[in-house]
Amino acid sequence: MQISEFDYDLPPGQIAQEPLPDRQASRMLAVDRSRGSFTDTSFCSLAGFLREGDILVLNNTKVIPARLFGRSETGANIEIFLVKELEDSIWETLARPARRLQPGKKIIFGEELTARVTEKNSDGKVFVRFECNRDFEQVLDELGKTPLPPYIKRDTTSIDTDRERYQTVFAKNRGAIAAPTAGLHFTPEILEKIKAIGVTVSAITLHVGYGTFEPVRVDNLADHTVAAENYEIDSPTAKILESAKSDGRRIIAVGTTTARTLESNIADFGNFTSGKYSAGLTITPGFEFSAINGLLTNFHLPQSSLLVLTSTFGGHDLIMDAYRHAVAAEYRFYSYGDCMLIF
């Protein structure tokens, strides 16, 4: 299929710029694959779509404040977006204005943190070595800003009002540079309500990286690959998932990152296997899902790998119809927007 087949028109006013005051107040579009239908409902009704014995799987990654604002030695303003730590103190980053950052250039972020450009590649990535007078993570927490997506247009460079809200309530393991946004809707109360009906809530860890939201750069999806990302499934979770799979009980992934993790694990090992591995799977039309039976996900950008994954799970025509309905019904889109549940 062509990436152009995953396009839709979205009025800019429906791109959510702020989170709702109440996490669980989002709308939810429930999609039934077997009936080829969808229904407008609310996230608060999620428990009504679940049943005793289901396994709900979360991604418990924790977002780091990956945006740093500094200046060059000549006084030019520089923004650095941390992408991935390659080795101790050396990071792959995105930077702007990148033209000012040649190898050897020094960037000053404050009295305790500087960086030296070590390399710049043809893809626009800038590699830097940080020098820090204290623990780097502590200084990053003090100086860094929440790495909101570029389609959120409000000023986020001064007071970081998103530090708590662009984080799930179950965030645990530090390392993501973007939130697993389907998880943002959950509150402790909703999770307890779900557990009370006999649903097991488990968690994996996949640190959401640049590969998750990198633009699709090919026309034919057969030529598309999503960059591998590291994940971890602990032993108790693997046993819970394998037992559910053997019993024919439903496994519902919260978010495309969770879906990709679980499907990668099954594709690589044939059963749910604990450990630290790399999710190298690219899910495109024709892929047969073996790990999950349901998916809770936010609404994704047109022509994105996340929309391709969602459409592959739900069925291309049905999901694209659902998206057009969501636009007409004025759902809120993207990271701080509403959600979709697919069974």
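Presented here is an overview of the structure given in this document. A quick note: this is a predicted structure, and the numbers were derived from the prediction, not measured. Note on numbering: residues in each chain are counted from 1, in written sequence order. Under the rules for a predicted model, residues below a pLDDT of 70 receive no local features and side-chain atom pairs below 80 are neither given nor counted, while totals for whole chains, interfaces and linings still include all residues. Hydrogen atoms and water are omitted, and side-chain values are computed over all heavy atoms in the structure.

Quick look at the overall build of the protein chain
Part 1: A helix here means a DSSP run of H or I that spans at least four residues, while a strand means a run of E at least two residues long, and both kinds are numbered starting from the N terminus. Counting its secondary structure elements, the protein chain contains 7 helices and 17 strands.
Part 2: For the protein chain, the spread of C-alpha atoms along the principal axes amounts to about 65 × 45 × 40 Å.
Part 3: Residues counted as buried form 52% of the 343 residues belonging to the protein chain.
Part 4: Every residue pair with non-hydrogen atoms within 4.5 Å of one another is taken to be in contact. Pairs at least 24 residues apart make up 68% of the contacts formed inside the protein chain by residues separated by at least 6 positions.
Part 5: As displayed, the protein chain offers around 15,300 Å² of accessible surface, 46% of which is attributable to carbon and sulfur atoms.
Part 6: Positive charges come from Lys and Arg alone, negative charges from Asp and Glu alone, with His and the N- and C-terminal ends not counted. All charge positions are set by atom: Lys at NZ, Arg at CZ, Asp at CG, Glu at CD. Side chains of the protein chain carry 37 positive and 45 negative charges; the gap between the two charge centres is 3 Å. Think of it in three bands: residues with accessible area under 20% of the maximum for their type are buried, residues over 50% are exposed, and the middle band is partly exposed, with areas taken using a 1.4 Å probe on protein chains only. Every accessible area reported is derived by Shrake-Rupley at a probe size of 1.4 Å, with residue values counting cover from the shown protein chains alone.

Structural notes on the environment of Thr284
Part 1: Note on placement: Thr284 falls in the loop between strand S15 (275-279) and strand S16 (294-298).
Part 2: Separated by 30 residues in sequence, Thr284 and Gly314 place their C-alpha atoms 12 Å apart.

A look at the packing of helix H5 (residues 256-269) against helix H6 (residues 305-314)
Part 1: Only the stretch in contact is used when fitting a helix axis, every axis being a line fitted to C-alpha atoms; angles between N-to-C directions are given from 0 to 180 degrees. Here H5 crosses H6 at 65°, and the two axes come no closer than 10 Å. The orientation of H5 with respect to H6, classified from their angle, is roughly perpendicular. Taken as a pair, H5 and H6 cross one another with a handedness that is left-handed. Counting all contacts with H5, which are made through Thr256, Ala259 and Arg260, the residues of H6 involved are Leu306, Leu309 and Thr310. Here the word oblique covers every angle except those under 35 degrees (roughly parallel), over 145 (roughly antiparallel) and from 65 to 115 (roughly perpendicular). Rotating anticlockwise by less than a right angle from the far helix to the near helix defines a left-handed crossing, while the corresponding clockwise rotation defines a right-handed one.

Quick look at the packing of aromatic side chains
Part 1: Two aromatic rings from Phe, Tyr or Trp, using only the six-membered ring of Trp, form a pair when their centres are within 6.5 Å; if the ring planes differ by under 30 degrees the pair is stacked, by over 60 it is edge-to-face, and anything between is tilted. In this structure the tally under the stated criterion is 18 aromatic pairs.
Part 2: Ring geometry for Tyr151 and Tyr334: centres 4.7 Å apart, planes at 55°, overall tilted. With Tyr151 in the loop between helix H1 (136-143) and strand S11 (173-176) and Tyr334 in the loop between helix H7 (316-328) and strand S17 (339-342), this residue pair connects regions lying 183 residues apart in the sequence.
Part 3: The exposure class of Tyr151 is buried, given its relative accessible area of 16%.
Part 4: Among the aromatic side chains, those forming a connected cluster through ring pairs are Tyr8, Tyr151, Phe299, Tyr323, Tyr331, Phe333 and Tyr334.
Part 5: We call a charge positioned above a ring when the Lys NZ or Arg CZ atom is no farther than 6 Å from the ring centre and deviates by at most 35 degrees from the ring normal. Its guanidinium or amino end placed over the ring of Tyr331, Arg27 lies 3.9 Å from that ring's centre, counting from NZ or CZ.

Section: the side chain of Arg154
Part 1: With respect to the helices and strands, the residue Arg154 is situated in the loop between H1 and S11.
Part 2: When its relative accessible area of 19% is taken as the criterion, Arg154 is described as buried.
Part 3: N or O atoms within 3.5 Å of each other form a polar contact, as long as, within protein, one can give a hydrogen and the other can take it, and as long as residues adjacent in sequence are counted only when both atoms are side-chain atoms. At 2.6 Å, the side chain of Arg154 forms a polar contact with the backbone oxygen of Gln17.
Part 4: Side chain to side chain, Arg154 and Asp162 meet in a polar contact 2.7 Å long.
Part 5: When neighbours within four sequence positions are excluded, Arg154 is seen to be in contact with Gln17, Glu18, Pro19, Leu148, Thr161, Asp162 and Tyr336.

Describing the sheet that holds S15
Part 1: Read from one edge to the other, the open sheet built from 9 strands follows the order S2-S1-S17-S16-S14-S3-S12-S13-S15, with strand pairing classed as mixed. A strand with exactly one partner marks an edge of an open sheet, and here the two such strands are strand S2 (37-42) and S15. Across the sheet, the axes of successive neighbouring strands diverge by a mean angle of 25°, strand direction being ignored.
Part 2: In the sheet, strand S12 (residues 200-206) pairs with strand S13 (residues 229-233) via 2 bridges, with the strands oriented antiparallel. From the neighbouring strand, Leu206 faces S13, where its bridge partner is Tyr231.
Part 3: Along the sheet, H5 contacts strand S3 (55-59), S12, S13, strand S14 (251-254), S15 and S16; its crossing angle with S13, the most-contacted strand, is approximately 80°. The pairing criterion for strands is at least two bridges between them, as found by DSSP.

Details of the nonpolar core
Part 1: Core analysis: the biggest nonpolar cluster contains 60 residues, and Tyr8, Ile251, Leu262, Ile292, Phe333 and Met340 have the highest contact counts within it.
Part 2: Examining the composition of this core, we find that 7 residues originate from one element, H7, more than from any other.
Part 3: The contacts of Phe333, once residues within four sequence positions are left out, are Tyr8, Leu10, Gln14, Ile15, Ala16, Phe299, Tyr323, Ala326 and Val327.
Part 4: Among the nonpolar cores identified, the runner-up in size contains 24 residues, and Ala95, Val126, Phe130 and Leu140 belong to it. As used here, the term nonpolar core means buried Ala, Val, Leu, Ile, Met, Phe, Trp, Tyr and Cys residues forming a set that is joined through side-chain atoms within 4.5 Å.

Observations concerning the packing of H6 against H7
Part 1: At a closest axis distance of 6 Å, the pairing of H6 and H7 adopts a crossing angle of 120°. The orientation of H6 relative to H7 falls into the category oblique. As H6 packs across H7, the resulting crossing turns out to be right-handed. Residues Leu307, Thr310, Ser311 and Gly314 of H6 touch H7, and the partners they reach there are His316, Leu318, Ile319, Met320 and Tyr323.
Part 2: Classifying every residue of the contact of H6 with H7 by side-chain character gives 5 nonpolar, 4 polar and no charged. Residues are grouped as follows: Ala, Val, Leu, Ile, Met, Phe, Trp, Tyr, Cys and Pro are nonpolar; Asp, Glu, Lys and Arg are charged; every other residue, Gly included, is polar.

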